[in-house]
Amino acid sequence: MDWFMEQNAVFQAFLATLFTWGVTALGAALVFTARDISKRTLDVMLGFAGGVMMAASYWSLLAPAIEMSGSMGKFAFVPAAVGFVFGAAFLRLVDMILPHLHLNAPLSEAEGIKTSWRRSTLLVTAITLHNIPEGLAVGVAFGAVAAGLDSATLAGAVSLALGIGIQNFPEGTAVSVPLRREGMSRMKSFLYGQASGMVEPVAAVLGAAAVLLARPLLPYALAFAAGAMIFVVVEEVIPESQSSGNGDLATMGVVSGFTIMMILDVALG
């Protein structure tokens, strides 16, 4: 831990998201050990991931953004509100352009620009879309620590990375297992599943570097990451978890994920 604390914030963010990527790979690796995973279990896991993302959006991102803007008095909400809206709008724009396919949807319902990409590629692209704001959030959190802001702590940034890593496990599984069901080999299913997490280190490095280069943008950057994550949760994660008749179980997954992330952030942050 001492060695980690001595590193540059950008490198810390990179290492933290190597961990989150690794957990994605662990989730995808279930395709080697389990003959199959029920749709009910996958829906609970997706709900859990959504709950973690919602809790992280508030405790690790929006609340610090508002606290950092305290000097603005009754207008302290402005950076958080502006960043949040722009984060959601950015993900909506990417959602409209990037070809992708939701997990339970037929190929005819692929979104984004029309393409000849295969179903497997479109599925991986959809999960990759989830991971952009997650990596960005981790990067911005470590950048905030390096910027010396009172409300940002290394323990808080680490807890955020830990929470993101925990919810990446079901995301890796949610890609690899359906691909295996469709007849893809175990190895290829695993490779596609873990590939969805590769974008997180890139997004984390960009987020940390942006904050260090332009410190006044920090509350906006934190809220931007929160808005992007909430967009993903509401537009994709929760609807997918509710689409197969397992709504009550998936909802309990959301509650469990939210509670665990809240505990992590309060206890460690």
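Attention shifts here to the packing of aromatic side chains. Within the structure shown, the criterion is met by 8 aromatic pairs. Ring plane angle 20 degrees and centroid distance 6.4 Å describe the contact between Phe11 and Phe14, whose orientation is recorded as stacked. In this pair, Phe11 and Phe14 are both assigned in helix α2 (residues 9-28), 3 residues apart and thus about one turn of the helix distant. Overall, Phe11 belongs to the partly exposed group, its relative accessible area being 33%. With a relative accessible area of 30%, Phe14 lands in the partly exposed category. Chaining the aromatic ring pairs together yields one cluster made of Trp3, Phe11 and Phe14.

Our focus in this paragraph is the environment of Thr24. Considering the arrangement of structural elements, one finds Thr24 in helix α2. Taking the relative accessible area as the measure of exposure, Thr24 reaches 1% and is therefore buried. Note: C-alpha distance between Thr24 and Leu217 (193 residues apart in sequence) is 30 Å. Excluding anything up to four places from it in sequence, Thr24 contacts Asn168, Gly172, Gly193, Gln194, Ser196 and Gly197. Among the polar contacts made by the side chain of Thr24, one reaches the main-chain carbonyl oxygen of Thr20 at a distance of 3.1 Å.

This paragraph deals with the nonpolar core. Counting residues in each nonpolar core, the largest one holds 44 residues, and the members touching the most others are Leu61, Val138, Val140, Phe142, Leu160 and Met229. Secondary structure elements with two or more residues in this core: α2, α4 (39-68), α5 (77-97), α6 (119-146), α7 (154-181), α9 (199-213) and α10 (218-241). By residue number, the principal contributor to this core is α10, which donates 12 residues. Apart from residues lying up to four places away in sequence, Phe142 is in contact with Phe4, Ala9, Gln12, Ala13, Ala16, Leu154, Ala157 and Val158. Counting residues in hydrophobic clusters, the runner-up holds 10 residues, among them Leu122, Ile127, Met184 and Tyr192.

Mean pLDDT over the protein chain: 86, with 97% of residues reaching 70 or higher. α2 holds the highest mean pLDDT among the elements of the protein chain, 93, whereas helix α1 (residues 2-5) holds the lowest, 80.

The subject of this paragraph is the pattern of salt bridges. Using the criterion set out here, one finds 2 salt bridges in the structure. Measuring nitrogen to oxygen at the nearest pair gives 2.4 Å for the salt bridge that ties Asp43 to Lys39. Within this pair, Asp43 and its partner Lys39 are both found in helix α4, separated by 4 residues, close to a single helical turn. Exposure remark for Lys39: the relative accessible area of 23% places this residue in the partly exposed category. A salt bridge links Arg92 to Asp95; the shortest N-O distance between them is 3.3 Å. Note that Arg92 and Asp95 are positioned in helix α5 at a spacing of 3 residues, about one turn of the helix.

Cut-offs and rules
- Residues numbered from 1 in each chain as written.
- Predicted model: local features only at pLDDT ≥ 70, side-chain atom pairs only at ≥ 80, totals over all residues.
- Heavy atoms only, no water.
- Phe/Tyr/Trp six-rings, centres within 6.5 Å; stacked < 30°, edge-to-face > 60°.
- Helix = DSSP H or I, 4+ residues; strand = E, 2+ residues; numbered from the N terminus.
- Buried < 20%, exposed > 50% of the residue type's maximum accessible area, 1.4 Å probe, protein only.
- Contact = heavy atoms within 4.5 Å.
- Polar contact = N/O pair within 3.5 Å; in protein donor to acceptor, adjacent residues only side chain to side chain.
- Core = buried A, V, L, I, M, F, W, Y, C linked by side-chain atoms within 4.5 Å.
- pLDDT = per-residue confidence, 0-100.
- Salt bridge = Lys/Arg side-chain N within 4 Å of Asp/Glu carboxyl O.

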